[in-house]
Structures are given as structure tokens and as C-alpha cells.
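One-letter residues, chain by chain:
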Amino acid sequence: MNLSSSTISSPTTPSVATPPATPATGTPLFGTVLVANRGEIACRVIRTLRALGIRSVAVYSDADAGARHVREADVAVRIGPAAATESYLKIDAILRACRDTGAEAVHPGYGFLSENVDFARALETAGITFIGPGVESLNVMGDKIRSKNHVTGYGVPVVPGIAEPGMTDAQLIGAAAGVGFPLLIKPSAGGGGKGMHIVERPEDLEATLATARRVAASAFGDDTLFLERLVTTPRHIEVQVLADNHGNVIHLGERECSLQRRHQKVIEEAPSPLLESLPDGADVRARIGEAACNAARSVNYSGAGTVEFLVSDNAPDEFFFMEMNTRLQVEHPVTEMVTGIDLVEWQIRIAAGEELTVTQDQIVLTGHSVEARVYAEIPERNFMPSGGRVVLLDELPADSAGSAGSVRVDSALIEGLEISSSYDPMISKVIAWGENRAAALDTLDEALAGYTALGIDTNVEYLRLLINDPDVRAGRLDTGLIERRMPEFTFRKTADAELAAAALYLKKMDDQDRSFPGSSLWNCGNGWRHGNRGIWRIRLGTSPSESAIVSVTGVGSSGPFKVRVENGLEFWAILATLSDDYVGLSYNGKALRYSIASTGAGTDGWPTELFLGNEGWSCRLEVLTRETRLSQVLAAIEREEGAADPAVRSPMPGTVVSVSVSNGDTVVAGQVLLSVEAMKMEHQLVAPLDGTVHISVGSGDLVKADQVLATIHPPEFSRAEDTIKEAVIAMGAAE
């Protein structure tokens, strides 16, 4: 298993980390394997299956009919509608797909059915191999309550808490005082931070339990919860294990996953900077690794698994068992990058009955690797998940492949893909390797700067801010760092440079449309006039409520041009076409390189939207016609100046999961009206002002992005018709 590639979407690691041993060759594996998952992990597994010469079967919901994993598999089977409960979580549908395609084994990926004991048992009954641990392991370790109680019998320290199956909300509330506040609500099934909630005060527990149960039931089909004491300033360190069916168990070192938001990992790395900084770090690594192996041995574990620990930053030689993930982890690539071992290949070989040919003393961690999870979300809006369509994709440009190390991108994206609100917002992972931690972080920063996915909001800019934070660079990590740092981060806004680039791009398009070779000057529409040059103008929307007029003076398409944004100072600018998807802007002695893409077609043939990207940041600009601008003005002044918008809109496509008020109720500003679930996260929508509420939807309804779900009628409401007329007249004069 020599993993020696650093190209996009490769499941491999740099050649610097040579695997310590090679598995047996010629052993029959499987003819056909079905991948019971979606997104980047499905693509990741399919690539290894292809490398092993195994026929791959993808499954997909209606929302994923055009997804990347469907295209990359040898065979693809529809299993149901978009809702995960009717597709990826539907055991009968997966079994039927196995029978229809002749699949001999199933790789579950992570999430969905990967830790579902009923699924593993159903496959066993059907004579289909589950590429994962046995039913016993899943039964014990797949349930967070049972696993905590189990490992205490083997001397593994656990965090204080209450973990008993079947506890009602009332019982959990009664036991909370004994656990102590602050505490953490955790779902017994599943993982990945879904359904986990911090509760600071006893009076907040009842409402938070209700939310946690809804999220857990939706994400995992099981709403069982338990409570743990919240360990302050903890570090999240996990150990990768491999075990075969012949009694061999090894660990492949640790990963640090302390940088989290909403209890979901954002940045992961191997090895842990905490352990690397300790004089006795090797001894701590051996002890925590052996504890992980003992946890695996206690349930006769088979395959790849991860044992997660909380480690005190103040007492790093102490660690507390959190849970064992009986599946492949999202962050498994960093372990592959520093060990040279393809974990997916070993999963398949172990499931086929092969014996591990790697011993513990052969495991060597070479260099350092860091992974950044790319989410479709808006960090500055409290990490709100975001939808959209990918209009331009360049995830690993040749000039950003890492000068100080190697880069790997595991992705689910393709151009034209519509991001669904039905699933987790993670869309790809960028993984970097370097000879040391500083080199790995530099390489990751360089790769993220070149990452382009126009048409959707991503957290790439935020990831760059995070990995360049002084505490992160110094390895001073804990699970609360992101929450503390967020108020200090300054996010880039659309500036004159982007508006100038967009205007010159559109002007060039306009000049080409209006140029008629051989025609007279009287028929030329490029702004030619006798005397002073004409001024070309365009209005660009920078947000739903803000726009700017950009004025350009000059003849021809090459420039230089004089550019003015609104009433600002004029500046000279030139826009050069670098390729079909990239332009270069020179202005005021500065030079910027943008990725650029357009969508839509207005009545005049122009695009309706432009997307620009630079250094991992991107923006959307709306090309506004007079009609569009007029509608914005009318909407903005239909209420009194400075008043809150009475319409309560859905932030993105999703499902209404609860409605807390009724039509005609009197509400106050800030009162929760309803909750919408999107991408496995629940968003509470509140009243923007005092008044009487009108609800437009019911629980269970599917809603679109920006759809009005409720309207608040204030006690006194009037339309300022004179103001509207004056604004319309003023707009016409300005344009």
C-alpha cells in the first residue's frame, strides 16, 4: 500500500511516509462492494475500491441524482427521496440495492448507518459482509451510554455524568444537580457533535433537552440522551486503532481535534501538538494508545475505529474516555498522511479475513498533517448553513499545491452541483502535510488561498483566519477557542476593487455585444462620442438591501479606464483576461487576481449575477436593472425608516420542526416563533418586533430559502406613500 500522490481527490499520502509493511497479495477480497453513504466519503471509498479492482456500487437519494459519488461509481442505485430517513437511513432500501447489484459487502462510510447495530445484523442475516466491526462491538460501543459504563469496568477513566438508557426528560432534570453545571447534553446514538448542547443554568435544561431530542431523532433515528459534566478548557485527542479477526490490535498514534464549533470538528491534525510539546510526550502517547487498544480488545473489535478522549490542558498526563467511534472518521486522512497507511484498504482487507501485517513497533509518525473541513456556511452569521449552486470549481490549482509540503483534497463537489439542505453542510476537506507543524500549517494556508468554489458561501476565509491565529500557531488549543476568537475576526467585505473588476468585466461584455465591424460610428454602441468620452454606468447589488453605481470612462475594451464607485474618488484601472475563469485587475499600483463566473440571463442578455473569488474569499454581485432596483426601494420603505422588517424568513431551505405560537397571538421582540431544521441543525426564528403574529406554515412543511414563514403586524402600521413617490423620483434622477 504505497500511498504516494498529492493530487486532488487522492486518498493517498506523500511518499515521505512509506508504509511499514505490505498486506498479503493474491487474497480474494470482494467482487462488488456497495457504499452506503454519500458526499466526499463515498467518493473516497470508491477510489480505493477502484484501486483494488473491486466493482463499486453507489446509492443515492433524489436530491443526489447528479452527485459526484453517483458519477464515480461503477453502478448507482436510487434508494428514495431526499429525506435521509427515507433513503440513506432506510435499511430495507440498502438491502434491496445490495440484492439488485450482487454486492457481497457494504462499506458504510461515517454517519448514517455506519454505527447502526440493526443494519449490521440485517446484513449478517442476508449473508452480506459489513465492512466494519461485529455486532457485539456495535452493540456496546455504538451506544454512548453503554460504552461509558462498559469501559469503566476495564479501568478506563470517564467524565462524571449520568448515562442510563431510557431516561426521560424529567429523570435527566432530576439527575442534573448530581452531575453539576455547566453540563453537556449528548445523544447516545450517532456522533459528529449533532444534538450536543451546553447548558449553563438549571432553568435552561428543559427547553434544551427538547431541542436535543428532536435533533438526535432526526439525525440518528434515536432520541436517547445522557448528561456529562462539562470539562472546561479541554483538549480533544483521539486515537486511531486497527484490529483484525486474528487477535491483532494496533494504534496508529493520535489526532488532535480541539478546534471545534458547535461540538463539530473544524481543524484536525496529527500528531497532537500537546503531546509533541511534552518532555514525556512519547510515554503519554504510548499510555493513551494502549488504553485505546484495550477498549477495542474489550469488545473483540475488528476493522478501523477511533477512541476519543478529553485531555486536560493543565494536566496533560490525565485523559478521560468520551466514546469509541466504530467507523472511519472524517479526519482519517491526517493519520494516513503521517503513517502512509490507507485505512480504507485495511478496512476492506480485514473484512475479507486478512491478517494485519503491521505491528505496533513498525508504526512511525513522519512529519505533521493538518486537515481543514470546508463547510457550505456563513461563519459571520453564526455559521449558518448555506445553499446554492457551484458555478466555478478549482479546489487545488497547480500554483497552490503546496510549496512547503503536499496537499490532498477529498471533495464531493462538481460544477453545477446544487447544495442540498437535507444533509450535513460539509462539502470537502483540504489536507496538508509538512515536515513539521509550521510547514504543514503554511502549506494548508497556501492551499486554502487557492481554493475556489464560486456560487456558494463557504468557510474558507474563516479557516485561514483560524489557522493563522497566534494561539493556533503556537499549539495552544482547546475546544472553546473558536467561540472566544470569533468576535475578534474581521471578515472581508466587497470593496471598490471587486466592484471595479465586475464593472470592467461587464463593460467588456457590453462592448463585444455592441461592436459591429464595418458599421458606421452612428450605429456603434460602445460609448464613442465627439468630444469628451461618454460615461458607462452599472449598478451592482452587494447585498439584498445595498448596491452601488460604478461609473467607467474610456473607449475600447483594453483600457486604462477611469473608475468611480458612487461618489468616491476616481482611479485608473485595467482588467486583463488571464483565462476563461480568471482575470487580473491592476489599479492604483496594485494587482489582484480573481476567479470569476456569471449566471443567469436578463432581458438585455447580460448575466444577472457575478461571482468573484480571491485568496479563499468570494462575493456575489447582483447585476441590477432599473426594475429590480425599484422593487428593492419599495420594499425597503414600505415600513417606517429604521423599523425592523416585519417578515420572518427562512434562512435557507429546510423543514419546519416546531411552531411555538398560533395565528393572532401577541408576541414581543425576541420571542421564539418557530424552528427550522436544515443540514442537521435546528434554527430558531424569533419575532423581530412587538405585535400580532400571522404564521404561514405548519410543522413538517418544507420551506425555501428566504420564504416568509411569519409576519408581525405592529400595533400601528401605515404606509408612507408620499415617501415612496419621493424615493422613486430620486432614484430616477440618480440613475
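Definitions and cut-offs
- Residues numbered from 1 in each chain as written.
- Predicted model: local features only at pLDDT ≥ 70, side-chain atom pairs only at ≥ 80, totals over all residues.
- Heavy atoms only, no water.
- pLDDT = per-residue confidence, 0-100.
- Contact = heavy atoms within 4.5 Å.
- Phe/Tyr/Trp six-rings, centres within 6.5 Å; stacked < 30°, edge-to-face > 60°.
- Helix = DSSP H or I, 4+ residues; strand = E, 2+ residues; numbered from the N terminus.
- Lys NZ or Arg CZ within 6 Å of the ring centre and 35° of its normal.
- Buried < 20%, exposed > 50% of the residue type's maximum accessible area, 1.4 Å probe, protein only.

A look at the confidence of the model for the protein
Point 1. The pLDDT averaged across the protein works out to 87; a share of 86% of its residues lies at or above 70.
Point 2. In the predicted structure, residues 1-24 sits below a pLDDT of 50 and forms 84 contacts with residues beyond four places in sequence or in another chain.
Point 3. Contacts of residues 717-721 to residues separated by more than four positions or lying in other chains number five contacts, the stretch itself having pLDDT below 50.

Concerning the packing of aromatic side chains
The description of an aromatic ring pair uses the distance of the two centres, along with the angle that the planes make with each other.
Point 1. Evaluated as defined, the whole model comprises nine aromatic pairs.
Point 2. Centroid distance Y88 to F112: 5.1 Å. Interplanar angle 25°. Geometry classified as stacked. Of this pair, Y88 sits in the loop between β3 (75-80) and α3 (91-101) while F112 sits in the loop between β4 (105-107) and α4 (117-125); the two residues are 24 residues apart in sequence, bridging distant segments of the chain.
Point 3. By way of ring pairs, the aromatic residues Y88, F112 and Y423 are connected into one cluster.
Point 4. A cation sits over an aromatic face here: R261 above Y375, 4.4 Å from the ring centre.

Quick look at unusual backbone geometry
Trans peptide bonds make up the majority, and among non-glycine residues the majority have a negative phi.
Point 1. A cis geometry characterises the amide bond from F181 onward to P182, with omega recorded as 0°.
Point 2. Relative to the helices and strands, P182 resides in the loop between α7 (169-179) and β7 (183-187).
Point 3. Look at the link from A270 to P271: it is a cis peptide, with omega at -5°.
Point 4. Mapped onto the fold, P271 is located in the loop between β12 (264-270) and α9 (273-277).
Point 5. Here F383, not a glycine, exhibits a phi torsion of approximately 60°, which is positive.
Point 6. Tracing the sequence through the fold places F383 in the loop between β16 (377-378) and β17 (384-385).
Point 7. When its relative accessible area of 6% is taken as the criterion, F383 is described as buried.
Point 8. Phi at E615 is positive, roughly 55°, even though this residue is not glycine.

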